[in-house]
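Single-letter residue listing:
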Protein chains: 2
Amino acid sequence: MSRATVSRVVNGSPKVSPEIVAVVTAAIERLNYVPNRAARSLASRQTQAVALIVPEDITRFFGDPYFAAVVQGITQRLDESEYILNLLVASSDPTHKTMRYLRSGNLDGALVVSHHTRDKFLADVEAMIPLVFGGRPANDTGPNTYYVDVDNIAGAETGTQHLLDLGRTRLGSITGPIDMPAGIDRFTGFQLTLARAGLEADAVEHADFTALSAAAAMRRLLERRPDLDGLFVASDLMATGALAVLREQGYLVPDDIAIVAFDDSPAAIGASVPLTTISQPSAEMGFAMADMLLRLLAGETDVPHRNIMPTRLIQRDSA
Amino acid sequence: MSRATVSRVVNGSPKVSPEIVAVVTAAIERLNYVPNRAARSLASRQTQAVALIVPEDITRFFGDPYFAAVVQGITQRLDESEYILNLLVASSDPTHKTMRYLRSGNLDGALVVSHHTRDKFLADVEAMIPLVFGGRPANDTGPNTYYVDVDNIAGAETGTQHLLDLGRTRLGSITGPIDMPAGIDRFTGFQLTLARAGLEADAVEHADFTALSAAAAMRRLLERRPDLDGLFVASDLMATGALAVLREQGYLVPDDIAIVAFDDSPAAIGASVPLTTISQPSAEMGFAMADMLLRLLAGETDVPHRNIMPTRLIQRDSA
DNA sequence: TTGTAAGCGTTATCAA
DNA sequence: TTGATAACGCTTACAA
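Asks: Mind showing me how you'd approach the side chain of Ser282 of chain B here?
Replies: All names here are of chain B. On the secondary structure map, Ser282 appears in helix H13 (residues 282-297). Assessed through its relative accessible area of 7%, Ser282 is described here as buried. Setting aside residues up to four positions removed in sequence, Ser282 forms contacts with Tyr66, Ala69, Val70 and Asp263.

Asks: Which parts of the structure should I look at to understand the packing of aromatic side chains?
Replies: The description of an aromatic ring pair rests on the distance of the ring centres and on the angle between the ring planes. The final tally for this structure, using the stated rule, is 11 aromatic pairs over all chains. Between the aromatic rings of Phe61 of chain B and Phe62 of chain B, the centroid separation amounts to 5.7 Å while the plane-to-plane angle is 90 degrees, which identifies the pairing as edge-to-face. The pair Phe61 of chain B / Phe62 of chain B is uniform in exposure class, with both members buried. Chaining the aromatic ring pairs together yields one cluster made of Phe61, Phe62, Tyr66 and Phe67 of chain A together with Phe61, Phe62, Tyr66 and Phe67 of chain B. Here the guanidinium or amino end of Arg186 of chain A rests over the ring plane of Phe262 of chain A, the centre of that ring lying 3.8 Å away.

Asks: Explain the protein's contact with DNA strand D here, please?
Replies: Neighbouring DNA strand D are 25 residues; Thr5, Arg8 and Arg45 of chain A together with Ser7 and Tyr33 of chain B lie closest to it. In DNA strand D, atoms within 4 Å of the protein come from the sugar-phosphate backbone in 61% of cases. Within the side chain of Arg8 of chain B, an N or O atom sits 3.4 Å from a base nitrogen of DNA strand D. Taking Arg40 of chain B, its side chain carries an N or O atom lying 2.8 Å from a phosphate oxygen of DNA strand D. At the level of elements, helix H1 (3-10) and helix H3 (37-44) of chain A together with helix H1 (3-10) and helix H3 (37-44) of chain B are the ones that each hand at least two residues to the surface near DNA strand D. Classifying every residue of the surface near DNA strand D gives 11 nonpolar, 7 polar and 7 charged.

Asks: I would appreciate a short explanation of the domain arrangement of chain A in the present structure.
Replies: When the parts of a complex come together, some accessible area is lost, and that lost area is often used as the size of the interface. Here chain A is described as being made up of domain 1 (3-35), domain 2 (49-150 + 282-311) and domain 3 (152-279). Of note, the centres of domain 1 of chain A and domain 2 of chain A, computed from C-alpha atoms alone, are 34 Å apart.

Asks: Teacher, can you tell me more about the interface of chain B and chain A here?
Replies: Counting from both sides, the interface comprises 36 residues of chain B and, opposite them, 36 residues of chain A. For the pair chain B and chain A, the summed buried surface comes to about 3,500 Å²; carbon and sulfur atoms form 61% of the total. On the chain B side of the interface with chain A, the three residues burying the most area are Phe62, Leu87 and Lys97 of chain B, jointly 20% of the side's total. Linking chain B to chain A there are 0 salt bridges. Seen at the junction of chain B and chain A, the total is 7 residue pairs in polar contact (both at pLDDT 80 or more). At the level of elements, H3, helix H4 (58-63), helix H5 (65-79), strand S2 (84-89) and helix H6 (96-103) of chain B are the ones that each hand at least two residues to the side of chain B that touches chain A.

Asks: Got a minute to help me understand the protein's contact with DNA strand C in this structure?
Replies: Neighbouring residues of DNA strand C: 26 residues in total, closest Ser7 of chain A together with Thr5, Arg8, Ser17 and Arg45 of chain B. Each atom of DNA strand C within 4 Å of the protein was classed as base or backbone; sugar and phosphate made up 66%. Within the side chain of Asn11 of chain A, one N or O atom sits 2.8 Å away from a phosphate oxygen of DNA strand C. Elements with a contribution of two residues or more to the surface near DNA strand C: H1 and H3 of chain A together with H1 and H3 of chain B. Across the surface near DNA strand C, the residue classes break down as 12 nonpolar, 7 polar and 7 charged.

What counts and how
Residues numbered from 1 in each chain as written. Chains lettered and ligands numbered in written order. Predicted model: local features only at pLDDT ≥ 70, side-chain atom pairs only at ≥ 80, totals over all residues. Heavy atoms only, no water. Helix = DSSP H or I, 4+ residues; strand = E, 2+ residues; numbered from the N terminus. Buried < 20%, exposed > 50% of the residue type's maximum accessible area, 1.4 Å probe, protein only. Contact = heavy atoms within 4.5 Å. Phe/Tyr/Trp six-rings, centres within 6.5 Å; stacked < 30°, edge-to-face > 60°. Lys NZ or Arg CZ within 6 Å of the ring centre and 35° of its normal. Near = heavy atom within 4 Å. Polar contact = N/O pair within 3.5 Å; in protein donor to acceptor, adjacent residues only side chain to side chain. Nonpolar A, V, L, I, M, F, W, Y, C, P; charged D, E, K, R; others polar. Domains from an automatic or database assignment. Buried area = accessible area lost by both parts, 1.4 Å probe. Salt bridge = Lys/Arg side-chain N within 4 Å of Asp/Glu carboxyl O.

Here it is as structure tokens:
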């Protein structure tokens, strides 16, 4: 039997007689044969590997339960495929090594989460291999741009409106970083809603999606506006930071200050005051990202460029 | 110029004349040449890739800041090398795909974190490629077993003793899972210390290193022993879960119940009551793991099989 | 120090 | 449907 035939069996070619398939399969089983990936990649020009690019400090990445859910969704989809996942923790100034790896033809495609406007190296990557973003990319222009996201503006509007509906009138916000679309959009939703209500959106402090930065922001906010009665925070994790400061300063939540957060991650339930929050389907988003990439890799031509998933208000105790 | 010479330059062979090196380097730069990894692996029988095997639910893995620190240390060391990291999230029953990947010669070595006694597939992996464990492996027998750990027993003894020194006499413990060495050892340290003091170690509940499981354990404990005055919890994350229940039930920490935790992760500082905890150098441990593996891959023969790092008591507010 | 040439383990093309 | 045989892009003896 020629090795060409064996190769056909291994790759499930339809044009092999059933008997031969049986014999080869048995032999493979018996010999415990596993094809060498390097040889395979070399010959087929495919690697069966995709990367998860995280242009972020790893502590921050791991620290936010939102990412845990996204990665969970990604691995879940990938588990159904033959692709494996490479973790590339690349700061905004990716190491020489990372870029080399990206261009050494070692990846069929890549997923990007938590990217900032400053991450311009991603444009180069996009030119090399299919890329799918988690969250609208900072520069949503290219014809090769694919992403999964939620309507952050609408979500923030819903959250802010909920505060208004509760009768709160002195609203503030702790935003995400203004160099990330998710940070900007949620802030925009807050502003839009306040503008519609004829209110001033000036009780605002920026943070960077960490609990620590949010705590600092909360302190600054309280100093300027000790009479706040409502707060929209751009993520659950940040809300936990804000909550800690509020308790420390004797504010009661939701009595004194009502809080609406964003994500509906485990942090929302685990918070000292269970958080009313805008839910986004994080795991499903990860799943959808991987699915989109896989379709691209399969050569499908009708893959939609964006997949905007729904958000909804989850009411708990904080507002 | 022959391609052999180019290969030598690329691989930094010492036996190439400086002028040629210069010329080739310049050409590489100009042409933006990056060697093809697959071809390289095929010829050299090396992949320059190592895996991080996580035999754990991904949510749990991401949820614990301890792992964030370990991974941070790992990537930090790997960044100095030419190796890249593959993330293999393999439950205790690894998928066929995962095992295939492991045996397809695609990895030069692997790092393992958070493993349980039930993860017997790791023995097979260890027979194939160098393996370094984060935490003493469940079956520390093989001549190929390498790991980085802290002395969990001693750490737990220090923590428990601190509670005793505070004058607390009705001590309880929320342990880690008893199918993980870290869970077992910290529990042992607690028992040993109590035995030395002539105290009964029966106010104990097992949990699984998550905040949620610890909250449940705390409830069970309080039901049985409402008069507890000291608590040793096997991780910071679990302590936050316990803290929530204690507050909910009106206990004051540390007044009513003093708590000593373990890890000294960001969760310790961020807790509603900053935690007195046993610090372990998590990031350094990750760094040491990667370093150990790299030395093994470099063919060093005198690599010590175990690297036990120090713990120390960090006093904050909870005890 | 440099070049020649033989692999490395597959897939893919082309005949048969 | 099957089998030769040529790539795939690099490393590495071995020669020169």
